[in-house]
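# Close look at the chain arrangement
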Amino acid sequence: MQSEANERGYLNEHFRLFHTTDLQPLQVDWHFHTFDKLVFFRSGQVEYSVESETYTLRPGDLLLISHGQLHRMRAKSGAAYERFILYLDGAYLHNLAPQAGGLNACFRQARQSGHSLLRLGDSERASLYQLFSRLEKALTAPSAYADVLSQAILIELMVQLCSTDIAANFVAVPAQGDDKIAQALTYIQANLGENLSCSILAERLYMSRSSFQHRFREATGYTPHAYIRLKRLLYASELLAGGESATNASRKCGYGDYSAFCHAFKEQFGVSPAAFLPRGGLNGPDE
């Protein structure tokens, strides 16, 4: 039986870059982050799962993983697994170029499409590699201008992504994912304030309750109840960070009982809704 996913990695900066290579087989189980993440794949034999879809990566592939999305990876032996991993503060990106919808627009498009893998042409891949390499150099080379230079390069990278025809380059892999569960995940995300019982979800998908529960766990690593609970609490944390009252956040994320909401929130985040602040600290890199 698979274990349920946990939060991994913390970020208290606007962004953080890792460039790593592993020579041994590597497996990272289901987890999520409270920040957005880019994974720029350079080499190796890797399968990467995001929510209900699994991708076999090619050199130059880019994964866009939004905060709260469940994901895991499997790197096989026989080839060095090299990648850039970029942690990104979604609020920071949102406040850049607000007239264009913010520099986190590519993550919104990824969520809306239901896909996370961006497979670009040769010139776009080469340009991304140059930007990641320049960003790494700016962050590691001693310079009085390191902060401003690295921010400028990050903005250039995100502008390039947000200016790309995202819809035309996302890769759909229905053969490796569960289409029924993908539909369920989309419905859940759009209806977090509504009744999301297993019976209702299974009926919407013309499935038996037991079959739905089994396939949901296989696809996501979560039971439906645990997944919905997590998504509701993550949504509540976003509402609280945006200035919403705890009472309103409880109602909007589907909790009819405020005391139950407070108990679940404290169990997930370690503090009450009234005391919640965005997480600090940093580990990493976590896939």
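The model shown is predicted, which means the values in this text are computed figures rather than measured ones.

This paragraph deals with helix H6 (residues 179–190). Between its terminal C-alpha atoms H6 stretches 17 Å, which fits the 16 Å expected from 12 residues at 1.5 Å a residue. Inspection of H6 places Ile181, Ala184, Leu185 and Ile188 among the buried residues, and these make up the whole buried set. Seen end-on, H6 carries its buried residues on one side only, within an arc spanning 100 degrees. Within H6, the exposed residues directed more than 90 degrees away from the buried face are Asp179, Thr186 and Ala190. Close packing links the buried residues of H6 with helix H7 (198–204), helix H8 (209–220) and helix H9 (224–241).

On to the layout of surface pockets, then. Each pocket or cavity is described by its volume, and for the second largest pocket that value is around 180 Å³. Lining the second largest pocket are Glu13, Phe15, Arg16, Leu17, Phe18, His19, Glu136, Leu139 and Thr140. Mapped by element, the contributors of at least two residues to the lining of the second largest pocket are strand E2 (15–22) and helix H3 (122–140). Counting residues per element, the lining of the second largest pocket draws most heavily on E2, which supplies 5 residues. Counted by class, the lining of the second largest pocket contains 4 nonpolar, 2 polar and 3 charged residues.

Our next topic: the packing of aromatic side chains. A full pass over the atoms with the stated rule returns 16 aromatic pairs. Pairing Phe269 with Phe276 gives two aromatic rings, centres 5.4 Å apart and planes at 65 degrees, and the pair type is edge-to-face. As far as burial versus exposure is concerned, Phe269 and Phe276 are alike and both buried. Every member of this aromatic cluster is reached through a ring pair, and the members are Tyr255, Tyr258, Phe261, Phe265, Phe269 and Phe276. Arg42 extends its terminal NZ or CZ atom over the ring of Tyr129, reaching a point 3.8 Å from the ring centre.

Basis of the calculations
Residues numbered from 1 in each chain as written. Predicted model: local features only at pLDDT ≥ 70, side-chain atom pairs only at ≥ 80, totals over all residues. Heavy atoms only, no water. Helix = DSSP H or I, 4+ residues; strand = E, 2+ residues; numbered from the N terminus. Expected span 1.5 Å × (residues − 1). Buried < 20%, exposed > 50% of the residue type's maximum accessible area, 1.4 Å probe, protein only. Arc of directions from axis to C-beta. Contact = heavy atoms within 4.5 Å. 1 Å grid on protein atoms, 1.4 Å probe; cavity = no way out; pocket = protein on both sides within 12 Å on 5 of 7 lines; lining within 4 Å. Points joined across faces, edges and corners; volume = space filled by probe spheres on them. Nonpolar A, V, L, I, M, F, W, Y, C, P; charged D, E, K, R; others polar. Phe/Tyr/Trp six-rings, centres within 6.5 Å; stacked < 30°, edge-to-face > 60°. Lys NZ or Arg CZ within 6 Å of the ring centre and 35° of its normal.

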